[in-house]
Amino acid sequence: MANIFKSLLSALFLIFSSFGFSKVEANPVRQYVEIDRADLKLLIGEKLYNQPGDGCWSCHGAEGIKADGVSDEMTKKHQNIANLKNPATWTSFKIIKQYAGDSEMLSQRDISLSLVRLGADEWNKDLAPRIREYTGSNIIFFDEQMIGIHSKLLKKNARSISRRLKREKVRFKGRDLMDIMSTSVFYYIENKFVGNK
């Protein structure tokens, strides 16, 4: 009897652990490393957001709403730009509204953070298929003009942020630098625009 009970428990454990594993495997968002210091996150996020050239502000503007002074030919390019002050205008909100329901598998914050980290091009290639598998929909792609932290100055920014973190005596691994940059930008957006309506 004890052997049967042990066998049954072992079988249940295998079933539950394999169920848990497949659930993790289907999870469309990833965990990103971030630093604990809010003041430093804000400084890094502000620097990257306002970076000349391809910084976030070049499309979203200094106030988080479409960049001012766009020419007529640029109007079409800028028509899909979200108002960062209103998360309901973000594509991630549309995904959540349509697909998440009561599931903890998708959250607007995680999807938005993943977009900042990967940029639309990589997001569309890596995460959209996983969400499509979960939701059964093909309409989950981001506009490819959204580059996240992947501007032309990415390497320069990474070196600068790395030096800053070392000066501040923040311990981090080199492989986590991109995560730290993206979580800092998203923290800045949450605090500068979403938190200050």
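Check the entry above for the structure.
The structure reproduced in this document is the subject of the present report.

Parameters and conventions
Residues numbered from 1 in each chain as written. Predicted model: local features only at pLDDT ≥ 70, side-chain atom pairs only at ≥ 80, totals over all residues. Heavy atoms only, no water. Helix = DSSP H or I, 4+ residues; strand = E, 2+ residues; numbered from the N terminus. Expected span 1.5 Å × (residues − 1). Buried < 20%, exposed > 50% of the residue type's maximum accessible area, 1.4 Å probe, protein only. Contact = heavy atoms within 4.5 Å. Axes fitted to C-alpha atoms, helices over the stretch in contact; angles between N-to-C directions. Parallel < 35°, antiparallel > 145°, perpendicular 65-115°, else oblique. Nonpolar A, V, L, I, M, F, W, Y, C, P; charged D, E, K, R; others polar. Salt bridge = Lys/Arg side-chain N within 4 Å of Asp/Glu carboxyl O. 1 Å grid on protein atoms, 1.4 Å probe; cavity = no way out; pocket = protein on both sides within 12 Å on 5 of 7 lines; lining within 4 Å. Points joined across faces, edges and corners; volume = space filled by probe spheres on them. Left-handed = near helix turned anticlockwise from the far one by under 90°.

**Notes on helix α8 (residues 154-167)**
Taking 1.5 Å as the rise per residue, α8 with 14 residues should run 20 Å; its terminal C-alpha atoms sit 20 Å apart, in good agreement. Within the span of α8, buried status applies to Leu-154, Asn-157, Ala-158, Ser-160, Ile-161, Ser-162 and Leu-165. Among the structural elements, α2 (38-49) and α9 (177-194) are those in contact with the buried residues of α8. Downstream of α8 by a residue or two, Lys-169 has a phi angle that is positive, lying close to 60 degrees.

**Quick notes on the packing of α8 against α9**
Across the interface, α8 lies against α9 with an axial gap of 10 Å and an inter-helix angle of 90 degrees. Judged on the interaxial angle alone, α9 and α8 are roughly perpendicular. Judged by residue contacts, Leu-154, Asn-157, Ala-158, Ile-161, Ser-162 and Leu-165 of α8 engage Leu-177, Met-178, Ile-180 and Met-181 from α9. Counted by class, the contact of α8 with α9 contains eight nonpolar, two polar and no charged residues.

**Quick notes on the pattern of salt bridges**
A side chain of one charge can pair with a side chain of the opposite charge if their charged atoms are brought near each other. This structure, assessed with the given rule, holds eight salt bridges. Note that Asp-39 and Arg-37 form a salt bridge whose closest N and O atoms lie 3.0 Å from each other. What emerges from the salt-bridge pattern is a single network uniting Arg-37, Asp-39, Arg-164 and Glu-168.

**Observations concerning the side chain of Gln-51**
Positionally, Gln-51 belongs in the loop between α2 and α3 (57-60). Residue class for Gln-51 comes out buried when judged on its relative accessible area of 8%. Ignoring any residue separated from it by four or fewer positions in sequence, one finds Gln-51 in contact with Trp-57, Leu-153 and Asn-157.

**What about empty space enclosed by the protein?**
Over the atoms a probe the size of a water molecule is rolled, and this reveals where empty space is left. Tallied over the entire structure, the rule returns one cavity of 30 Å³ or more. Approximately 60 Å³ is the volume found for the largest cavity. In terms of residue class, the lining of the largest cavity is made up of five nonpolar, five polar and one charged.

**Notes on the layout of surface pockets**
Looking at the largest pocket, its volume works out to about 610 Å³. Around the largest pocket, the lining comprises 27 residues; the ones closest to its centre are His-60, Ile-81, Ala-82, Leu-115 and Met-146. Going through the elements one at a time, α3, α5 (91-99), α6 (108-126) and α9 are the ones with two or more residues in the lining of the largest pocket. Grouping the constituent residues of the lining of the largest pocket by class yields 13 nonpolar, ten polar and four charged.

**Focus on the packing of α2 against α8**
The axes of two packed helices give the description: the angle between them and the distance between them. Where α2 contacts α8, the axes come no closer than 12 Å and their chain directions differ by 160 degrees. Of the possible angle classes, the one that applies to α2 and α8 is roughly antiparallel. Crossing of α2 over α8 shows right-handed handedness. On the side of α2, the interface is formed by Leu-40, Leu-43, Ile-44, Lys-47 and Leu-48, while α8 contributes Asn-157, Ser-160, Ile-161, Arg-164 and Leu-165.

Honestly, it's all geometry; don't read function into it.
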